[in-house]
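Observations on the three-dimensional arrangement
Chain by chain, the residues run as shown.
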Amino acid sequence: IVPIAIFSIIGTLASTAFTAAILHKGSSLLHHCTTIPVKESMVFGALISSIDPIAVLSVLNSMGMTDADTIYVLIFGESLLNDGVAIVLFQTLVHFLDESLVIDGDVVADAAMHFFVVAIGSIAVGAFSGACATIYFASFHGCQTPMVEVIMFCCWSFIPYYICDMVEWSGIVAIVANGFVMDLYVIGQKQSPEATVDEEIEFLVNGASNGSVSRARQSRQQWCLRIFNYEGHLSQIADSHVHFVIEIFATLMETAIFAYLGLFLFSPRYHWNGYLTAISIFATVMGRCAMVPVFSHLANVFNKMSTGKDRPSCLPHSDKLEGVHIDRRMQLVLVFAGLRGAMSFALVEHIPMFDTTTLQGSRLKPELKAMTSASVMFTVFILGGATSFLMESLGYSSRVDPNRGQDELEIAPLMQKEKRGSNISRGAVSSGVAVSDNGSRHSNSSMRQRSVH
């Protein structure tokens, strides 16, 4: 969790600063393009720092990597938390797009306070909504049809977004926090029966051994453990359909955003400039390249200090006790995993156009949209397309069974149908055995007649 927190929080802030500095300085040195001001450069750095490593994760999945692999967990965890930090930072920096605003120490302090209030408040709203959803599904467990469970699951997922949208907080961050809670307690985590029995025995032993705890407190603890456990409160049918529905929605939204990007890529609302395009791509890539090695070294030092302090001297040396060490190969994969996608394009659309009356907004939104589109296309097609070759060259061998493919996924439901058919045939056989003696004799005599003829 330490490398993920460092990359997603501190690394996102540093990547924003690196990208903004390169973009502002590079555009000011060239005389053939418009100089991007510091405010617009910071806004662009914030929106382009939101990574979308879908292509990289798909490549890792195709190579047989799962959430048990360190590199997979690092990429997925960073992308999940990175979006929330980038969105809150973007919303904070957009308030600086005001020509009548004089930036001083008080304004910077207010912006920092706004950043923390929005982040903490959005997380609190999402966590509280997830807790309410857990209580709801636990109370109505077994009383609803699977279709109603899926519908209510989607409704509870959108509730924190609309609450935060009313108070001008980050709905995306709230949905992420809500998703954590609902994934743990509503969907549940698959545990072995032995682990569940051990937990129950431990709870009973600890509860019985502590005589100072009142009955009311024990009843509250039992109530909380009955609701907030890792077994989940969805039926088996609803659980499978929830995953399918969410996957469909995610694919549709991702496809719609990229289709919109392709349809309006060369519309008049985009102001293309070759120099700004090259500088924006260079700033995006170099901001990631500068962030990953620095904070990888910081994460390694922190893990080494924490494990060295906590590990007893009598224990032998072990890699598991030393924490996660991010080597050069993993750093290179993390650099290529910094793909920009739908989130960056959605954020640039929320930049307000300049208003001559209020003097708020950006005069360079068409340029920022073109720069964001260019960075997204470069990272997706170039970095994402080269990830598979990079993994092979770095020695990350594939662990996928060559005999396992799409046919196995298609055979699974057919095997289930075959099993159901076999059960029916077994029932027919058993019912045939239970036929009366006269019927059985008649069938046997008919068989003999057929054999004679």
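Soluble globular proteins: nonpolar side chains tend toward being buried together. Residues Leu-23, Val-43, Phe-44, Leu-47, Phe-90, Ile-351 and Met-371 are the most contacted members of the largest nonpolar core, which totals 38 residues. Top contributing element to this core by residue count: helix α4 (residues 70–94), with 7 residues. Among residues more than four places away in sequence, those in contact with Leu-47 are Phe-90, Ser-344, Leu-347, Val-348, Ile-351 and Thr-372. Within the second largest apolar cluster, 29 residues are counted, among which are Phe-7, Tyr-72, Phe-295 and Ala-337.

For the chain, per-residue confidence averages 77 on the pLDDT scale, and 75% of positions sit at 70 or higher. Predicted confidence for residues 192–205 stays below pLDDT 50, and this span has 6 contacts to residues more than four positions away or in other chains. Within the model, the stretch residues 208–213 combines pLDDT values under 50 with 2 contacts to residues more than four positions away or in other chains.

Right, let's get into the packing of aromatic side chains. For the structure shown, the criterion picks out 8 aromatic pairs. Note on Phe-115 and Phe-116: the rings are 5.5 Å apart at their centroids and 85° apart in plane angle, and the pair reads as edge-to-face. Of the residues examined, Phe-115 reaches a relative accessible area of 15% and is grouped as buried. Here the aromatic residues Tyr-136, Phe-137, Phe-140, Phe-153 and Trp-156 are joined through ring pairs into a cluster of three or more. Its end group placed over the ring of Phe-354, Arg-363 keeps NZ or CZ at 3.7 Å from the ring centre. The ring of Tyr-270 is capped by Lys-369, whose NZ or CZ atom sits 4.9 Å from the centre of that ring.

Turning our attention to the packing of helix α6 (residues 146–166) against helix α10 (residues 236–263). Taken N-terminus to C-terminus, the directions of α6 and α10 make an angle of 45°; their axes are 9 Å apart at the nearest point. The orientation of α6 with respect to α10, classified from their angle, is oblique. Note that α6 runs across α10; the crossing there is right-handed. Every residue of α10 that contacts α6 at Pro-146, Glu-149, Val-150, Phe-153 and Cys-154 is listed here: Ile-237, Ala-238, His-241, Val-242, Val-245 and Ile-246. Here the residues of the contact of α6 with α10 are counted per class, giving 9 nonpolar, 1 polar and 1 charged.

Glancing now at the environment of Ser-344. Here Ser-344 lies in helix α13 (residues 342–349). What Ser-344 contacts, discounting residues up to four positions off in sequence, is Leu-47, Ile-48, Ser-50, Thr-372 and Val-376. A polar side-chain atom of Ser-344 sits 2.8 Å from the main-chain carbonyl oxygen of Leu-47. Within the local environment of Ser-344, its side chain forms a polar contact with the backbone oxygen of Ser-50, the two atoms lying 3.3 Å apart.

Here Asp-355 is to be found in the loop between α13 and α14 (365–393). Exposure remark for Asp-355: the relative accessible area of 32% places this residue in the partly exposed category. Note: C-alpha distance between Asp-355 and Asp-98 (257 residues apart in sequence) is 9.6 Å.

The next thing to look at is the side chain of Ser-296. Mapped onto the elements, Ser-296 comes out in helix α11 (residues 274–310). For Ser-296, a relative accessible area of 0% translates into the label buried. If we skip the residues at most four places from it in the chain, Ser-296 touches Phe-7, Ile-326 and Gln-331.

Of all residues except glycine, most have a negative phi; of all peptide bonds, most are trans. Unlike most non-glycine residues, Glu-168 shows phi in positive territory, near 60°. In this structure, Glu-168 sits in the loop between α6 and α7 (171–187). With relative accessibility at 64%, the residue Glu-168 sits in the exposed group. Of note, the phi angle at Leu-359 is positive, near 60°, even though the residue is not glycine. The exposure class assigned to Leu-359 is partly exposed, which follows from its relative accessible area of 31%.

Within the structure shown, the criterion is met by 3 salt bridges. Between Glu-78 and Arg-288 there is a salt bridge, with the nearest N and O atoms lying 2.7 Å from each other. With Glu-78 in helix α4 and Arg-288 in helix α11, the pair connects residues that are 210 residues apart, well separated along the chain. Here the two residues Glu-78 and Arg-288 agree in accessibility, since each one is buried.

Conventions used here
Residues numbered from 1 in each chain as written. Predicted model: local features only at pLDDT ≥ 70, side-chain atom pairs only at ≥ 80, totals over all residues. Heavy atoms only, no water. Core = buried A, V, L, I, M, F, W, Y, C linked by side-chain atoms within 4.5 Å. Buried < 20%, exposed > 50% of the residue type's maximum accessible area, 1.4 Å probe, protein only. Helix = DSSP H or I, 4+ residues; strand = E, 2+ residues; numbered from the N terminus. Contact = heavy atoms within 4.5 Å. pLDDT = per-residue confidence, 0-100. Phe/Tyr/Trp six-rings, centres within 6.5 Å; stacked < 30°, edge-to-face > 60°. Lys NZ or Arg CZ within 6 Å of the ring centre and 35° of its normal. Axes fitted to C-alpha atoms, helices over the stretch in contact; angles between N-to-C directions. Parallel < 35°, antiparallel > 145°, perpendicular 65-115°, else oblique. Left-handed = near helix turned anticlockwise from the far one by under 90°. Nonpolar A, V, L, I, M, F, W, Y, C, P; charged D, E, K, R; others polar. Polar contact = N/O pair within 3.5 Å; in protein donor to acceptor, adjacent residues only side chain to side chain. Salt bridge = Lys/Arg side-chain N within 4 Å of Asp/Glu carboxyl O.

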